[in-house]
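Residue strings, one per chain:
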Amino acid sequence: MYAIRVLILSLVSIGVHSSYALPPSTFGEALASAGQLSNKLKETAAWKTFTGIARDSDSINSLVRIIPRTTMGFVRDVVSSFKRESRAIILTKNGALEGRLQQVKGGGSGSFYAFKGIRYGQAPVGERRFRAPLPEEPWKGIRSATREGSVCPHRNMILDNFKGNEDCLFLNVYSPELPIGEDSPQLPVMVWIHGGAFSFGSGNAFLYGPDYLVPNGVVLVTFNYRLGPLGFLSVGRDAPGNAGLKDQVLALRWVQENIAAFGGNPDDVTIFGQSAGSVSVQLLTLSPLSKGLFHKAIAQSGSVLNPWAIARDTKERAFKLAQLLGIRTNDTEELLEQLRRASPQKIVDAALKTLTAEDVRKSIGLPFVPSLENWTGEDASEEEPLIVEEPLELLKSGRYHHVPVIVGFNSHEAMLFMRRLRKDPNLLQTIDGDFERLIPLNLQLDRESDEGKEFAARMKRFYMGDRHVSNETVQEMMNLMSDVMFLHGITDYARLHASHNGLNSTWVYRFAYDGALGIYKRILGIDWPGACHGDELGYLFHFGVLNLRLDNTSPELQVMHKMTRMWSNFAKYGNPTPFGEDELLLGITWPSVIPNTMSELPYLEITGALERKNNPEAMRLQFWDEAFTKYNGNLL
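What you see is a predicted model; the values in this text were computed from it and never measured.

(A) Looking closely at the overall build of the protein chain. Regarding its fold elements, the protein chain presents 19 helices and 15 strands. Among the 636 residues that make up the protein chain, the fraction classed as buried is 59%. Put simply, the protein chain shows about 25800 Å² of open surface, and 49% of that area lies on carbon and sulfur atoms.

(B) Here's a closer look at the environment of S449. Take S449: it is sitting in the loop between α14 (427–432) and α15 (450–464). The spacing of S449 and E436 is 13 residues in sequence and 10.0 Å in space, taken between C-alpha atoms. Within the structure, S449 has its side chain in polar contact with the backbone nitrogen of G452 (distance 3.0 Å).

(C) Layout of the packing of aromatic side chains. Under the defined criterion, the tally for this structure stands at 27 aromatic pairs. Relative to F579, the ring of Y573 has its centre 5.4 Å away and its plane inclined at 75 degrees; by these criteria the two rings are edge-to-face.

(D) Geometry of the confidence of the model for the protein chain. Taken over all residues, the pLDDT of the protein chain has a mean of 88, while the share at 70 or more is 86%. The model gives residues 1–70 a pLDDT under 50, and that stretch makes 106 contacts with residues more than four places away or in other chains. Segment residues 75–84 is flagged for pLDDT under 50; beyond a separation of four residues in sequence, or across chains, it makes 25 contacts in the model.

(E) Geometry of the pattern of salt bridges. The tally for this structure, following the rule as stated, stands at 30 salt bridges. Between R312 and E390 there is a salt bridge, and its shortest N-O distance comes to 2.8 Å. Of this pair, R312 sits in the loop between β11 (296–300) and α8 (314–324) while E390 sits in the loop between α11 (357–361) and α12 (391–397), and the two are 78 residues apart along the sequence. Judged by relative accessible area, E390 falls into the partly exposed class, the value being 32%. Put simply, R510 and E605 hold a salt bridge, and the shortest N to O gap is 2.6 Å. Placement of the pair is R510 in strand β13 (residues 506–511) and E605 in strand β14 (residues 602–606), with a sequence separation of 95 residues. When salt bridges with common partners are traced through the structure, they connect D483, R510, E605, E617 and R620 into a single cluster.

(F) Layout of the pairing of strand β10 (residues 264–274). Across the 11 residues that make up β10, a large majority, 10, are buried. Across 6 bridges, the pairing between strand β8 (residues 187–193) and β10 is parallel. Considered in β10, the bridge of V189 is made with V269. As defined by bridge partners, β10 adjoins β11 across 5 bridges and the pair is classed as parallel.

(G) A look at the state of the cysteines. A full pass over the atoms with the stated rule returns 1 disulfide. The partner cysteine of C152 in its disulfide is C168, sulfur to sulfur 2.1 Å. Taking the torsion about the S-S bond as the criterion, the C152 to C168 disulfide, at about 85 degrees, is right-handed. Separated by 16 residues along the polypeptide, C152 in the loop between β4 (142–144) and β5 (154–155) and C168 in the loop between β6 (162–163) and β7 (170–175) bring together distant segments of the chain. Exposure remark for C168: the relative accessible area of 0% places this residue in the buried category.

(H) A look at the pairing of strand β1 (residues 87–91). Counting buried positions along β1 yields 5 of 5 residues, so the element is predominantly enclosed. Here β1 shows no split at all, with R87, I89 and L91 on one side and A88 and I90 on the other all buried. Direction of pairing for β1 relative to strand β2 (residues 96–103): antiparallel, over a ladder of 5 bridges. Residue I90 lies in a different strand from β2, and its bridge partner there is L97. A loop of 4 residues connects β1 with β2, the two strands running antiparallel in sequence.

(I) Seen up close, unusual backbone geometry. The phi angle at F130 is positive, at roughly 75 degrees, despite the residue not being glycine. Its location among the elements puts F130 in the loop between β3 (111–119) and β4. In this structure, E617 takes a positive phi of about 40 degrees despite not being glycine. Mapping E617 onto the fold places it in the loop between β15 (610–614) and α19 (618–632). E617 gets classed as buried once you look at its relative accessible area, which sits at 18%.

(J) Focus on α19. Along its 15 residues, α19 runs 20 Å from first to last C-alpha, staying within 8% of the 21 Å computed at 1.5 Å per residue. Packed against the buried residues of α19 are α15 and α16 (474–501).

(K) Inspection of the nonpolar core at higher detail. Core analysis: the biggest nonpolar cluster contains 99 residues, and F115, I118, Y120, V173, V191, L233 and F262 have the highest contact counts within it. Looking at which domains feed residues into this core, each of domain 1 (88–390) and domain 2 (403–630) supplies at least three. In terms of nonpolar packing, the next biggest core, distinct from the first, is built from 43 residues, L213, A531, L537 and L557 among them.

(L) Seen up close, the side chain of N258. By the element assignment, N258 lies in helix α6 (residues 243–258). A polar side-chain atom of N258 sits 2.7 Å from the main-chain amide nitrogen of K93.

(M) View of the packing of α8 against helix α9 (residues 332–339). Interaxial distance between α8 and α9 falls to 11 Å at its minimum, and their mutual angle equals 50 degrees. As summarised for this structure, α8 and α9 are arranged oblique, according to the angle between their axes. Both α8 and α9 take part in a crossing whose hand is left-handed. On the side of α8, the interface is formed by K315, A318, F319, L321 and A322, while α9 contributes T332, L335 and L339. For the contact of α8 with α9, a count of residues per class yields 6 nonpolar, 1 polar and 1 charged.

(N) Quick peek at a negative patch on the surface. The grouping of E127, D238, D331, E333, E334 and E382 at the surface amounts to a negative patch. If you trace the backbone, D331 turns up in the loop between α8 and α9. What makes D331 partly exposed here is its relative accessible area of 35%.

About the criteria used
- Residues numbered from 1 in each chain as written.
- Predicted model: local features only at pLDDT ≥ 70, side-chain atom pairs only at ≥ 80, totals over all residues.
- Heavy atoms only, no water.
- Helix = DSSP H or I, 4+ residues; strand = E, 2+ residues; numbered from the N terminus.
- Buried < 20%, exposed > 50% of the residue type's maximum accessible area, 1.4 Å probe, protein only.
- Areas by Shrake-Rupley, 256 points an atom, 1.4 Å probe, with all protein chains shown as cover.
- Polar contact = N/O pair within 3.5 Å; in protein donor to acceptor, adjacent residues only side chain to side chain.
- Phe/Tyr/Trp six-rings, centres within 6.5 Å; stacked < 30°, edge-to-face > 60°.
- pLDDT = per-residue confidence, 0-100.
- Contact = heavy atoms within 4.5 Å.
- Salt bridge = Lys/Arg side-chain N within 4 Å of Asp/Glu carboxyl O.
- Pairing = 2+ DSSP bridges.
- Disulfide = S-S within 2.5 Å.
- Expected span 1.5 Å × (residues − 1).
- Core = buried A, V, L, I, M, F, W, Y, C linked by side-chain atoms within 4.5 Å.
- Domains from an automatic or database assignment.
- Axes fitted to C-alpha atoms, helices over the stretch in contact; angles between N-to-C directions.
- Parallel < 35°, antiparallel > 145°, perpendicular 65-115°, else oblique.
- Left-handed = near helix turned anticlockwise from the far one by under 90°.
- Nonpolar A, V, L, I, M, F, W, Y, C, P; charged D, E, K, R; others polar.
- Patch = residues over 30% accessible without salt bridge, like charges linked within 9 Å, V, L, I, M, F, W, Y side chains within 5 Å.
- Lys, Arg positive; Asp, Glu negative; His and termini not counted.
- Charge placed at Lys NZ, Arg CZ, Asp CG, Glu CD.

Right, here's the structure in full:
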């Protein structure tokens with residue numbers, strides 16, 4: 001131990017001026033050098049004072065009072081190496097964090113460093129409820145980052161129970177390699193934005209385990225953001241909307257300021273997300289608030305051009321929420337004052353009740369989602385807005401962040417429709433007698449007009465032929481709802497992005513593999529062939545909720561290896577298949593979108609194999625391309 005004392009004393013005198021962690025392999029060298037010095041020095045009074053503090057303390061955190069913070073990180077790591085090699089200390093902008101070395105699960109081998117439950121924003125409570133978040137304050141000592149933080153308040157989709165805490169702005173960082181001194185691996189960073197209809201979910205490893213992606217040589221960041229009314233209530237003034245998206249921006253700023261300490265490169269950040277997380281990714285590409293915070297983007301099964309992505313009449317919905325909570329007022333300021341006194345659970349539980357019968361008829365099933373912050377007059381807010389213009393207009397004009405993009409969808413996105421059928425057995429009969437309700441809201445056509453009724457009849461003939469909507473035509477209903485709610489907006493986004501960025505800027509996929517890791521429809525108890533909304537996630541993330549033991553040669557793990565290789569290739573090179581046929585695992589060149597054409601859309605078909613194809617769901621998407629051109633004008 002005398003050698004360690006000498007090492008600490010020498011560090012106190014010279015200081016350490018960088019963010020790093022000390023892996024166990026480096027410890028022996030440091031200890032040997034300290035041992036040589038120990039033969040030349042005597043135990044001084046200063047040392048006795050120093051060690052006395054350590055002995056009298058329950059934690060080595062007390063030493064931070066007398067040692068520079070950067071030096072303390074090294075000291076803490078050295079001492080930890082004696083106790084347990086799996087510990088690691090890093091220094092962020094705000095303070096020191098202790099993480100753990102974690103073994104890869106799910107059929108892989110090796111290990112990575114995990115830092116969990118890192119607070120990136122202050123608790124958005126009290127007057128901060130509904131407002132943009134504030135960054136976390138610096139702290140003294142060493143914070144434990146070995147447990148995930150609280151999730152944001154929501155109702156669990158599966159168990160239908162309330163969970164969460166408003167103090168929820170936490171993130172997790174997983175890295176295969178940490179810096180040592182000035183030597184940093186500068187790894188590409190992938191920041192995951194979880195889905196969940198903007199109303200449920202979290203970034204935690206329950207569904208988003210890092211075990212598949214991180215071994216591909218990337219740093220993975222997952223995080224929580226505010227959900228439902230707490231994240232997306234919008235009335236102007238002190239609640240202008242999009243608080244949950246502004247949480248995402250703050251998390252990305254945290255990455256820029258701190259990820260180098262975890263071995264990541266802040267100049268090489270890829271954002272990726274699924275469903276509501278995919279819409280978030282695209283909104284971040286459109287928002288001036290996120291300029292320079294990322295460099296590539298992957299949007300899975302969701303687009304800002306989908307009819308459910310942007311809320312309208314947000315102020316009316318906020319007052320409806322207040323009425324359900326017994327708040328009677330027409331004043332916005334009083335409304336916010338009363339809502340800030342309500343419990344998170346009451347607010348969350350009342351959210352779905354704000355949906356009216358007319359909302360349901362318009363296929364509005366998500367009451368609190370992103371919105372345009374174009375408030376004026378007495379409703380104007382001092383907050384910097386996330387987005388004020390229509391996404392379609394921004395995309396057409398090219399006034400957004402031009403980064404390489406992957407977009408895609410699953411073969412049976414609307415399989416979730418089966419859940420609605422279980423809850424409402426009469427739904428098919430209702431739709432059959434009122435097909436106008438399926439005309440998408442973003443199609444500029446009056447549903448109740450003669451032209452609207454004629455279009456609804458044509459839409460029904462196209463998908464159903466001469467059959468009624470019934471249990472025998474459930475697959476056709478899935479196709480229709482998949483196209484309206486997902487595919488058309490996703491492919492339109494791809495075409496618009498390619499038109500401004502040229503070849504090798506935009507890639508489209510269709511995921512159609514139906515394997516054991518497609519967990520979503522299994523959790524929901526849906527027994528139907530095809531890849532459901534969310535099923536691709538099991539091939540990117542290890543699901544902690546599952547205890548599947550798959551053989552390394554199983555087709556599921558082969559698909560997983562291909563998916564994670566393409567996604568990590570994109571994060572590294574800005575191209576999912578940079579080596580083309582020469583890459584043994586993939587053996588293919590994923591074709592990019594051809595700019596400025598509506599007639600061709602190259603894409604990658606992902607099943608048990610990878611296949612280059614052209615024009616996904618060609619006849620169905622042509623129907624919608626023609627309809628939108630007729631009623632909304634040309635896309636390109």
